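Structural overview
Listed below, chain by chain, are the residues.
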Amino acid sequence: MKELLLEMEQYAKEKNVPIIEKESIAYIMKYIKANNVKNILEIGSAIGYSAILMASASRDVKVTTIERDEIRYMEALKNIKRCGLDKEINVVFQDALDVNLTGVSYDLIFIDAAKGQYKKFFEKFQYFLAPGGVIVTDNLKFHGYVGKKEKIESKNLRGIVEKIEMYIDFLKENEEFDTEFIDVGDGISFSKRKNENK
Ligand code: SAM
């Protein structure tokens, strides 16, 4: 498994596939273990790297992960099979905003897909959070650009950073959720429903 993870890191580097930073996934895995997380929904599988690590964090963890890019989806399927986690991880090949979920709930929902759609993902998937569950979002620092918009020349990049900043404000102002911002890796947040005792 260690070897496969190294191979995946190498593949991601060569093919420019963004995968989670080591410190961030280590933090999430610690949370999974400490909080007895069993059912996880991930938005944005890429090649399956974070799904594999989350599924192996603790016993009985099940992950459903959604990916809209066919090449990455196929690669994720292959990697998941290679480490024998195909019973634990279900990869859905679809745009997350089109996925129809019914009668399911998750202890942890991990948002790690198109940055410009973070708010839409949160608004859609919050209804599938189990009592006591958490919505985790990655890349809130966006490689150090968040908070430094005026220094960015590329219009495209500035647009993404603006959307992330808007998302951060949305989390801070959200009356239903309390959000903790953690300064590890590229910046992650943990949002939990207010007034809920686990
Ligand atoms: N979670 C992965 C990891 O750490 O190993 C990395 C995910 S990568 C940052 C984001 C992925 O989300 C990309 O592979 C992209 O194709 C996918 N994506 C972006 N928007 C999406 C959407 N609306 N629905 C499904 N997948 C999406």
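Now for a look at the structure at hand. Keep in mind the model is a prediction, meaning the values are calculated, not measured.

**A short note on the overall build of the protein**
Helix and strand counts for the protein come out as six helices and seven strands. For a compact globule of 198 residues, the expected C-alpha radius of gyration is about 16 Å, and the protein comes in at 16 Å, within 12% of that figure. Structurally, the protein occupies a C-alpha span of about 45 × 45 × 30 Å along its principal axes. Expressed as a percentage of the 198 residues in the protein, the buried residues total 48%.

**Concerning the site of the ligand**
The environment of the ligand is formed by 22 residues, the closest being Ile-20, Gly-44, Glu-67, Ala-96 and Asp-112. The separation between an oxygen atom of the ligand and a polar side-chain atom of Glu-67 is 2.6 Å. With the chains in place, 94% of the 600 Å² that the ligand exposes on its own is no longer accessible. Judged by the fraction of its atoms near the pocket grid, the ligand is located in the largest pocket. Mapped onto the shell around the ligand, the elements with two or more residues apiece are helix H3 (49-55) and strand E2 (62-67). Class assignment for the residues of the shell around the ligand results in 10 nonpolar, five polar and seven charged.

Calculation criteria
Residues numbered from 1 in each chain as written. Predicted model: local features only at pLDDT ≥ 70, side-chain atom pairs only at ≥ 80, totals over all residues. Heavy atoms only, no water. Helix = DSSP H or I, 4+ residues; strand = E, 2+ residues; numbered from the N terminus. Rg over C-alpha atoms; globule rule 2.2 N^0.38 Å. Buried < 20%, exposed > 50% of the residue type's maximum accessible area, 1.4 Å probe, protein only. Near = heavy atom within 4 Å. Polar contact = N/O pair within 3.5 Å; in protein donor to acceptor, adjacent residues only side chain to side chain. Areas by Shrake-Rupley, 256 points an atom, 1.4 Å probe, with all protein chains shown as cover. 1 Å grid on protein atoms, 1.4 Å probe; cavity = no way out; pocket = protein on both sides within 12 Å on 5 of 7 lines; lining within 4 Å. Sits in = over half its atoms within 2 Å of the grid points. Nonpolar A, V, L, I, M, F, W, Y, C, P; charged D, E, K, R; others polar.

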